[in-house]
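Next come the chains, spelled out residue by residue.
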Amino acid sequence: AFSNGTHRIVGDGMCAAALCIANSSMASIALTGAYDSMLEKLATEFGLPFTGPNVESGGTGEVVLPSERRAAGKELPGARMLRERVLRDGKVLDSGILKVSAFINHQVDVGLIEACGEELAVRLERTMPSKILTVEATGLIPAIFVGRHLNVPVVFARKSRPMTISDAFSVSYRSATKGTIQELIVSEEYLSPGDRVLLIDDFLAGGSTAEALFKLIKMANAKVVGVGVLIEKLTDSGRAFLSGYEVPMESLVKVAGIDDGRIEVLDEPPFVVPPSRGDADSAS
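Residues numbered from 1 in each chain as written. Predicted model: local features only at pLDDT ≥ 70, side-chain atom pairs only at ≥ 80, totals over all residues. Heavy atoms only, no water.

A. Broad picture of unusual backbone geometry. Omega for the bond connecting Glu136 with Ala137 falls within 30 degrees of zero, at 0 degrees, which places this linkage in the cis form. Residue placement: Ala137 occurs in the loop between β6 (131-135) and α6 (140-150). Although it is not a glycine, Met128 adopts a positive phi angle of roughly 50 degrees. Examined against the element boundaries, Met128 turns out to sit in the loop between α5 (110-123) and β6. Despite not being glycine, Asn151 has its phi angle at roughly 60 degrees, a positive value. On the basis of relative accessible area, Asn151 is assigned to the exposed category, the value being 69%. (Helix = DSSP H or I, 4+ residues; strand = E, 2+ residues; numbered from the N terminus. Buried < 20%, exposed > 50% of the residue type's maximum accessible area, 1.4 Å probe, protein only.)

Structural data, given as structure tokens:
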């Protein structure tokens, strides 16, 4: 709450999560939301410039995103290209794992991933990140292209500690693909209090990797502002598992099923870059 004797402004925040995954640490999610809510109300009350994740016209100035000026009305092809490639070249392993080694995580189709990175960047541009965080090695591939389009640095969590890292944030999680306990490590040099962090990865399945990245960011007293992935498996519980964090989540391809070796994906409409609000206002 804010009070100066004449004004009292209260921010509200909440966190909703299934009982099976809820824990006391999630209180920080509601607290962060309350801070943002209070700052938005302060900006409105006193005419202050504030460009938070939920503010499109912050206080005294318009927030016009680069993509809205550059490509308003343009249909981005990344999701369509990836969906076609998954259906054509994706393979289902006996363990129910979707193999995309031919174009993402062993051999890389650079043009495809660049188009996907641009689309994820535009979809999540309004989260206004200051950094991108991902996991070595395959998460780094889309993250670099997202970082290029958003013009922000990319940090990747390592799975082993090199000699060059002394002070670091570290967390353990269970890898769904390997079935083992893994460690993620990020140097304290590259995650700082106040950072606005966008998570980028190749897959979202059970959500254990993304949750581990959330924990690393919390250790740094930074803030997660969004999650973007190339492929989401709807048959797993990743989105529901992360829903309590209440951040924007974008996936380019949603796999609805992989039964009997057949891959089924949702046929979603193409993403079109929204018009620039600033340009629309000046034209009216």
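B. Region of the structure containing the pattern of salt bridges. Inspection of every chain in the model, using the stated rule, returns 12 salt bridges. For Arg148, the salt bridge goes to Glu114, with nearest N and O atoms at 2.7 Å. Of this pair, Arg148 sits in helix α6 while Glu114 sits in helix α5, and the two are 34 residues apart along the sequence. Judged by its relative accessible area of 56%, Arg148 falls in the exposed class. What makes Glu114 partly exposed here is its relative accessible area of 27%. Ionic pairing is found between Asp195 and Lys131, a salt bridge with its closest N-O pair at 3.1 Å. One end of the pair, Asp195, is in the loop between β9 (181-187) and β10 (196-204); the other, Lys131, is in strand β6, with 64 residues separating them in the sequence. (Salt bridge = Lys/Arg side-chain N within 4 Å of Asp/Glu carboxyl O.)

C. Main features of the pairing of β6. Here β6 lies mainly inside the structure; 5 of its 5 residues are buried. Because side chains alternate across β6, one face comprises the buried residues Lys131, Leu133 and Val135, and the other comprises Ile132 and Thr134, equally buried. Note that β6 and β10 share 3 bridges and pair parallel. Looking at the pairing, Ile132 lines up with Leu198 of β10. (Pairing = 2+ DSSP bridges.)

D. Molecular detail of α5. For α5, with 14 residues, the first-to-last C-alpha span of 20 Å sits near the 20 Å given by 1.5 Å per residue. Along α5, 11 of the 14 residues are buried, which leaves the element largely enclosed by surrounding structure. Looking at α5, one finds that the buried residues are Leu112, Ile113, Ala115, Cys116, Gly117, Glu118, Glu119, Leu120, Ala121, Val122 and Arg123. Its side-chain oxygen placed 3.3 Å from the backbone nitrogen of Gly111, Asp109 serves as the N-cap of α5. (Expected span 1.5 Å × (residues − 1). Polar contact = N/O pair within 3.5 Å; in protein donor to acceptor, adjacent residues only side chain to side chain.)

E. Quick peek at the sheet that holds strand β13 (residues 264-265). Strand order in the open sheet formed by 6 strands is β7-β6-β10-β11-β12-β13, and the pairing between neighbours is mixed. Each edge of the open sheet is held by one strand with a lone partner, namely β7 (154-157) and β13. Looking at chain direction, strand β12 (residues 249-257) and β13 are connected through 2 bridges and run antiparallel. In the strand pairing of β13, Val255 is matched with Val265. Contacting β6, β7, β10 and β11 (223-233), helix α7 (residues 208-219) crosses the sheet at an angle of about 165 degrees to β10. (Contact = heavy atoms within 4.5 Å. Axes fitted to C-alpha atoms, helices over the stretch in contact; angles between N-to-C directions.)

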